[in-house]
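Topology and contacts: notes
One-letter residues, chain by chain:
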Amino acid sequence: MVSLQNYFLKGFGLCLLSLVVAILIHVVIKSLPGRASKYSSPKAFIILWYVLALEFVSLLKVREAFIVPVRAYNFQFFAWVGNYFSQGATSIWQIMLNFLMYAPLGIILAQACKGKKRTHLRLALILTGVSVTNELLQYIFALGVADIDDLLANVLGGLWGSSLYMLW
């Protein structure tokens, strides 16, 4: 069993790694000639860093000492309810963490898309795209189970975050 301290230290390290990668990408984008300058704004950098941090933390999460690649998918809605009886509260915590990890992304994107047409639709599509990418990468690289419940929790968490921002 991995200790909570090691889990958070690994997450912190992955966030720092995502910051370094985001800085490198940002520098490359700034050096490109032409219209790439609109993608080199501080807003774009923060969005890039947070999305990379989400991907790194969710894809490279702490595992036991022996890693067995898992390439699986689950298209059954609300499977976590049934898993609660077999796995206990772990399944609920995973759904809650997915929800809460995407709420800040919703806030960041709502601030970035402020004043544009069809903001809600734009946010929903971006959040769905980021979440689908995350689940596809999990499946392709055998880093876990691509789960429809995770996708739903991610998008709803992001929309909840953007709604909080808009209400504020």
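Everything that follows concerns the structure shown earlier in this document.
Just so you know, these numbers come straight off a predicted model, no measurement behind them. (Residues numbered from 1 in each chain as written. Predicted model: local features only at pLDDT ≥ 70, side-chain atom pairs only at ≥ 80, totals over all residues. Heavy atoms only, no water.)

Next up on the list: the packing of aromatic side chains. What the rule picks out here adds up to one aromatic pair. For the pair Phe 99 and Trp 160, a centre-to-centre distance of 5.4 Å together with 40 degrees between the ring planes defines the contact as tilted. Taken together, the positions of Phe 99 in helix α4 (residues 90-112) and Trp 160 in helix α6 (residues 148-167) put the pair 61 residues apart, joining distant regions of the chain. (Phe/Tyr/Trp six-rings, centres within 6.5 Å; stacked < 30°, edge-to-face > 60°. Helix = DSSP H or I, 4+ residues; strand = E, 2+ residues; numbered from the N terminus.)

Next up on the list: α6. Between its first and last C-alpha atoms α6 spans 28 Å; for 20 residues at 1.5 Å apiece the expected length is 28 Å, and the two agree. Of all the positions in α6, only Ile 148, Asp 149, Asp 150, Leu 151, Ala 153, Asn 154, Val 155, Gly 157, Gly 158, Gly 161 and Ser 162 are classed as buried. Looking at where α6 begins, the residue whose side-chain oxygen comes 3.2 Å from the main-chain nitrogen of Asp 149 is Asp 147. (Expected span 1.5 Å × (residues − 1). Buried < 20%, exposed > 50% of the residue type's maximum accessible area, 1.4 Å probe, protein only. Polar contact = N/O pair within 3.5 Å; in protein donor to acceptor, adjacent residues only side chain to side chain.)

Attention shifts here to the packing of helix α5 (residues 119-140) against α6. The description of two helices packed together rests on the angle between their axes and the distance between the axes. Where α5 contacts α6, the two axes come as close as 9 Å, and the packing angle between them is 145 degrees. In the packing of α5 onto α6, the handedness of the crossing is right-handed. On α6, the residues that touch Thr 119, His 120, Leu 123, Ala 124, Leu 127, Thr 128, Ser 131, Val 132 and Glu 135 of α5 are Asp 150, Leu 151, Asn 154, Val 155, Gly 158, Leu 159, Ser 162 and Met 166. Of the residues contributing to the contact of α5 with α6, the split by class is eight nonpolar, seven polar and two charged. (Axes fitted to C-alpha atoms, helices over the stretch in contact; angles between N-to-C directions. Left-handed = near helix turned anticlockwise from the far one by under 90°. Contact = heavy atoms within 4.5 Å. Nonpolar A, V, L, I, M, F, W, Y, C, P; charged D, E, K, R; others polar.)

Here we take up unusual backbone geometry. Phi is positive for Arg 118, close to 50 degrees, though the residue is something other than glycine. Along the chain, the position of Arg 118 falls in the loop between α4 and α5. Owing to a relative accessible area of 69%, Arg 118 belongs among the exposed residues under this scheme.

The next point concerns a nonpolar patch on the surface. A cluster of nonpolar side chains, Tyr 73, Phe 75, Val 132, Leu 136, Tyr 139, Ile 140 and Phe 141, forms an exposed patch at the surface whose accessible area comes to about 730 Å². Examining the composition of the nonpolar patch, we find that four residues originate from one element, α5, more than from any other. Topologically, Tyr 139 is positioned in helix α5. Here Tyr 139 falls in the partly exposed class, since its relative accessible area comes to 30%. (Patch = residues over 30% accessible without salt bridge, like charges linked within 9 Å, V, L, I, M, F, W, Y side chains within 5 Å. Areas by Shrake-Rupley, 256 points an atom, 1.4 Å probe, with all protein chains shown as cover. Salt bridge = Lys/Arg side-chain N within 4 Å of Asp/Glu carboxyl O.)

So, on to a positive patch on the surface. A cluster of basic residues, Lys 38, Lys 43, Lys 114, Lys 116 and Arg 122, forms a positive patch on the protein surface. Examined against the element boundaries, Lys 116 turns out to sit in the loop between α4 and α5. (Lys, Arg positive; Asp, Glu negative; His and termini not counted. Charge placed at Lys NZ, Arg CZ, Asp CG, Glu CD.)

This part covers helix α2 (residues 42-59). Under the 1.5 Å per step criterion, the end-to-end length of α2 is 25 Å for 18 residues, consistent within 8% with the ideal 26 Å. Residues of α2 that are buried: Phe 45, Ile 47, Leu 52, Ala 53, Leu 54, Glu 55, Phe 56, Ser 58 and Leu 59.

Attention now goes to the packing of α2 against α5. At a minimum axis distance of 10 Å, the contact between α2 and α5 shows a crossing angle of 30 degrees. Looking at the two axes, α2 sits roughly parallel to α5. Viewed along their axes, α2 and α5 form a crossing whose handedness is right-handed. Listed contacts from α5 to Val 51, Glu 55, Ser 58 and Leu 59 of α2 are Val 130, Asn 134, Leu 137 and Gln 138. (Parallel < 35°, antiparallel > 145°, perpendicular 65-115°, else oblique.)

Before going further, it helps to examine the nonpolar core. Core analysis: the largest hydrophobic core is formed by eleven residues, namely Ile 47, Leu 54, Tyr 102, Leu 105, Leu 109, Ala 110, Ala 112, Cys 113, Leu 123, Leu 127 and Val 130. If one sorts the elements of this core by residue count, α4 sits on top with five residues. If you look at the next biggest cluster of nonpolar residues, it comprises five residues, including Leu 14, Ala 22, Phe 45 and Leu 52. (Core = buried A, V, L, I, M, F, W, Y, C linked by side-chain atoms within 4.5 Å.)

Keep in mind these values describe shape, not function.
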